[in-house]
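Close look at the chain arrangement
Chain by chain, the residues run as shown.
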Amino acid sequence: MNSDEPHWDGGGGPERLYVITGGRSGSSAKTTLDLVTLIVARSGPRPGMQPEQAAIVRICQRPLSVAEISAHLSLPVSVVTVLLSDLIADNRVFSRPPVPPAKLPDIALIEAVIDGLQKL
Amino acid sequence: MDFRSSESPGSVETAGPRSEDALPESATAAVKVVIVGGFGVGKTTLVGSVSEIRPLTTEETMTQAGVGVDDTAGVERKSTTTVAMDFGRISINDELVLYLFGTPGQERFWFLWRGLFEGALGAVVLVDTRRLEVSFDVIGRLEERSVPFVVAVNSFPDAPSYPLDELRGALDLPADVPIVECDARLRTSSRDVLMALMRYLQTLAVTTEAS
């Protein structure tokens, strides 16, 4: 992060998204990331990182879902998925997959959710 | 860090959850529930009333190809639409987190977020009695996908009130699918809707394990 970096206007125009992902789309990225896969950074952002990737590493010092990363960065999930795939490949972050669909409906899990909701 | 004061609200550097919204390090797995309903039915209200964080929005861009996409002249005719999905979060315990996604009823939007229903515990179909017709399609699509769901009737002050049995008939709901009334503005009421879904899933799980 340095002051020479452009400040994005927060807009998510197609051109900007194309630049961020190097023209790749979420559908071509080989990944198993779900909207609720939790992402945790292995360390802090490194100098020279792409600004969006540095931002992901910074906000994922504590677990954060893919959907939340997308919301906080104002980037589509499909774009975030591409960025995360690179960060995972580079060992910058790791993922905690959601409860696999094959295990659903899991009665112990449902009961845990009921217990949690009762405390609300 | 040195340039914090120069950051604009839209910059990459300022994005991030408030520290009190951070999940514990022990959070290891997440599950999701999808709230489906027509425009203005109260999805975001319901999500917001039970969520522990202020509802967040994720957007996807939908490109609608015009006629003649194969020739370059068609490129100009592509139009992009941004579709938003609001969501919230409930920490169930130290390890488990529940995410609630409010999605538009039209199926073409569901594909924007790949895997939205895949792995979802289930869905809540939020219904406005003034616009019941919106719900027919949603219910049909969920049945096709074998996504377990409950129906929640959001009680708007100026909406006609019908007995739930009558609504069940009007929506052609299977006998075992729960239908409940709610006031999406109220935390307890929205919580009870989720509870109704979980109880229903519980009976389904018991039935599955017994068979």
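By the naming in an unreviewed UniProt entry, chain B goes by ATP/GTP-binding protein and is assigned to Streptomyces cavernicola. Quoted verbatim from the Sequence similarities (unreviewed entry) field of the UniProt record, the comment on chain B reads "Belongs to the GPN-loop GTPase family."

If you check an unreviewed UniProt entry, chain A appears there as DUF742 domain-containing protein from Streptomyces cavernicola.

Let's shift gears to the nonpolar core. Grouped together as the largest cluster of nonpolar side chains are 82 residues, with contacts concentrated most on B:Val33, B:Val124 and B:Val125. When neighbours within four sequence positions are excluded, B:Val124 is seen to be in contact with B:Val33, B:Ile35, B:Phe149, B:Val150, B:Ala152, B:Val193 and B:Leu197.

Mean pLDDT over chain A stands at 83; residues scoring 70 or higher make up 79%. In the model, residues 1-10 of chain A has pLDDT below 50 throughout and makes 13 contacts with residues more than four positions away in sequence or in other chains.

What follows is about the environment of B:Ile90. Along the chain, B:Ile90 turns up in strand β3 (residues 79-91). Look at B:Ile90 and you get buried, because 22 C-beta atoms sit within 10 Å. C-alpha separation for the pair B:Ile90 and B:Thr188, spaced 98 residues apart in sequence, amounts to 13 Å. When residues no more than four places from it in sequence are discounted, the contact partners of B:Ile90 are A:Gly116, B:Val50, B:Ser51, B:Glu52 and B:Leu98.

Residues and elements named next belong to chain A. Read across the open sheet, the three strands follow the order β2-β1-β3; overall the sheet is antiparallel. Of all strands in the sheet, those bounded by a partner on one side alone are β2 (64-65) and β3 (93-96). Bridging between strand β1 (residues 38-41) and β2 involves two bridges; their strand directions are antiparallel. In the strand pairing of β2, Ile39 is matched with Leu64.

Bringing unusual backbone geometry into the picture now. In this structure, A:Ser74 is a non-glycine residue whose phi angle is positive, near 50°. Within the secondary structure, A:Ser74 is located in the loop between α3 (66-73) and α4 (77-89). With phi around 55°, B:Ser146 is a residue other than glycine that occupies positive phi space. Examined against the element boundaries, B:Ser146 turns out to sit in the loop between α3 (133-144) and β6 (149-154).

How each quantity is defined
- Residues numbered from 1 in each chain as written.
- Chains lettered and ligands numbered in written order.
- Predicted model: local features only at pLDDT ≥ 70, side-chain atom pairs only at ≥ 80, totals over all residues.
- UniProt positions renumbered as here; feature names shortened; annotations may be inferred.
- Core = buried A, V, L, I, M, F, W, Y, C linked by C-beta atoms within 7 Å.
- Buried ≥ 20, exposed ≤ 12 C-beta atoms within 10 Å, placed from the backbone.
- Contact = placed C-beta atoms within 7 Å.
- pLDDT = per-residue confidence, 0-100.
- Helix = DSSP H or I, 4+ residues; strand = E, 2+ residues; numbered from the N terminus.
- Pairing = 2+ DSSP bridges.

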